[in-house]
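# Observations on the three-dimensional arrangement
Here are the chains, one letter per residue:
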Amino acid sequence: MDRIAPTEHPVLPAIAARWSPRSYLDTPVTDAQLHAVLEAGRWAASAYNEQPWQYLVTRKNVEPEAYAKLAACLVPFNQGWIGQVPVLMLACARLNSAGNGKPNAWAHYDAGQASGSMAIQAAALGLQLHQMAGFDAAAARAAFNIPEDVAPIAAMVLGTPGPASALPEQLAQRETAPRVRKPAKELFFFGQWG
Ligand SMILES: Cc1cc2nc3c(=O)[nH]c(=O)nc-3n(C[C@H](O)[C@H](O)[C@H](O)COP(=O)(O)O)c2cc1C
């Protein structure tokens, strides 16, 4: 299912095509697709080229136990819609600089950029990546022995969007609601703040 953003100015097709579905087919993501998505994240920019992002990747048909463990960390709302989505991941950030061991103030920012690139690459491939804040970071840390200096930031699913009709009524409505954004004038200030 397509849900192209009604942009006010032309943008790259994959940017307009990216969205966050909740209905997914169980069609597997191929290795080539998955690696292309991860590669897009690898080439994101980062402060001092620290590349502080790290991802736990679980494929339902390859790492089913890890997939189930990660799914169990999601809040019930998200558990309710992920369904049979083939890939479930956890985006994390290394909080301290590999160079000097000091806190890296841009770790979250940089990890977000990597995830953003991955989402665009996914859309370009006809897949979609849906990020989720709704998960228990402490549970994920415990389940996967994630070190203390690595912060679990967002869970995310990757797969092929499915029909909205596969979702319960309320979610199906959200799946087909118009895509909205704040007006540009609230976001971008030219020359002076506000
Ligand atoms: C960091 C982050 C956390 C999010 N958390 C959730 C979540 O827990 N559950 C959910 O269904 N959607 C979640 N979303 C999806 C947003 O609701 C969605 O990106 C937003 O409504 C804009 O829609 P779009 O991505 O389709 O353009 C999250 C998105 C981001 C970037």
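The rules behind each value
- Residues numbered from 1 in each chain as written.
- Predicted model: local features only at pLDDT ≥ 70, side-chain atom pairs only at ≥ 80, totals over all residues.
- Heavy atoms only, no water.
- UniProt positions renumbered as here; feature names shortened; annotations may be inferred.
- Helix = DSSP H or I, 4+ residues; strand = E, 2+ residues; numbered from the N terminus.
- Contact = heavy atoms within 4.5 Å.
- Near = heavy atom within 4 Å.
- Polar contact = N/O pair within 3.5 Å; in protein donor to acceptor, adjacent residues only side chain to side chain.
- Areas by Shrake-Rupley, 256 points an atom, 1.4 Å probe, with all protein chains shown as cover.
- Pairing = 2+ DSSP bridges.
- Axes fitted to C-alpha atoms, helices over the stretch in contact; angles between N-to-C directions.
- Expected span 1.5 Å × (residues − 1).
- Buried < 20%, exposed > 50% of the residue type's maximum accessible area, 1.4 Å probe, protein only.
- Arc of directions from axis to C-beta.
- Salt bridge = Lys/Arg side-chain N within 4 Å of Asp/Glu carboxyl O.

Looking at an unreviewed UniProt entry, one finds the protein chain named Nitroreductase family protein, with Sediminicoccus rosea as its source organism. In the Sequence similarities (unreviewed entry) part of its UniProt record, the protein chain is described as follows: "Belongs to the nitroreductase family."

### Brief notes about the UniProt feature "domain: Nitroreductase" (unreviewed entry) in the protein chain
What UniProt calls "domain: Nitroreductase" (unreviewed entry) maps, in this numbering, to residues 15-159. For residues 15-159, helix accounts for 39% and strand for 21%, while the C-alpha atoms at its two ends are 17 Å apart.

### Focus on the side chain of Ser23
Structurally, Ser23 can be placed in the loop between α1 (13-17) and α2 (31-42). Ignoring sequence-local partners within four residues, the contact set of Ser23 consists of Thr160, Pro161, Gly162, Pro163, Ala164, Ala166, Leu167 and Glu175.

### Overview of the site of the ligand
The environment of the ligand is made up of 14 residues, and the closest members are Ser20, His130, Ala133, Arg179 and Arg181. Take Ser20: an N or O atom from its side chain is 2.5 Å from an oxygen atom of the ligand. Contact distances for the ligand include 2.8 Å between a nitrogen atom and a side-chain N or O atom of Asn78. Summarising the interface, the protein chains cover 63% of the accessible area of the ligand, which totals 620 Å² for the free molecule. For the shell around the ligand, the secondary-structure elements that each account for two or more residues are α4 (76-82) and β3 (128-132).

### Let's talk about the sheet that holds strand β2 (residues 87-94)
The antiparallel open sheet is built from 4 strands, whose spatial order is β1-β2-β4-β3. The open sheet terminates on both sides in strands that have one partner only, identified here as β1 (53-59) and β3. Neighbour-to-neighbour, the strand axes of the sheet open up by a mean angle of 25 degrees, direction not taken into account. Direction of pairing for β1 relative to β2: antiparallel, over a ladder of 7 bridges. Bridge assignment links Leu56 to a residue of β2, and that residue is Leu90. Along the sheet face, α2 touches β1, β2, β3 and β4 (150-159) and points at about 165 degrees away from the line of β1. Most of the contacts of helix α6 (residues 137-144) go to β4, to which it runs at about 90 degrees, and overall it touches β1, β2 and β4.

### Some thoughts on α2
Between its first and last C-alpha, α2 extends 16 Å over 12 residues, near the 16 Å set by a 1.5 Å rise per residue. Listed in full, the buried residues belonging to α2 are Gln33, Leu34, Val37, Ala40 and Gly41. Taken around the axis of α2, the buried residues stretch over an arc of 125 degrees, which confines them to a single face. Tucked inside the fold, the buried residues of α2 contact β1, β2, α5 (107-124), β3 and β4.

### Examining the pattern of salt bridges
Evaluation of the coordinates by the stated rule reveals 3 salt bridges. Put simply, Asp31 and Arg59 hold a salt bridge, and the shortest N to O gap is 3.8 Å. With Asp31 in helix α2 and Arg59 in strand β1, this pair connects stretches of sequence that are 28 residues apart. In this structure Asp31 comes out as partly exposed when scored by relative accessible area, which is 47%. For Arg59, a relative accessible area of 22% gives the class partly exposed. For Glu63, the salt bridge goes to Arg59, with nearest N and O atoms at 2.5 Å. What emerges from the salt-bridge pattern is a single network uniting Asp31, Arg59 and Glu63.

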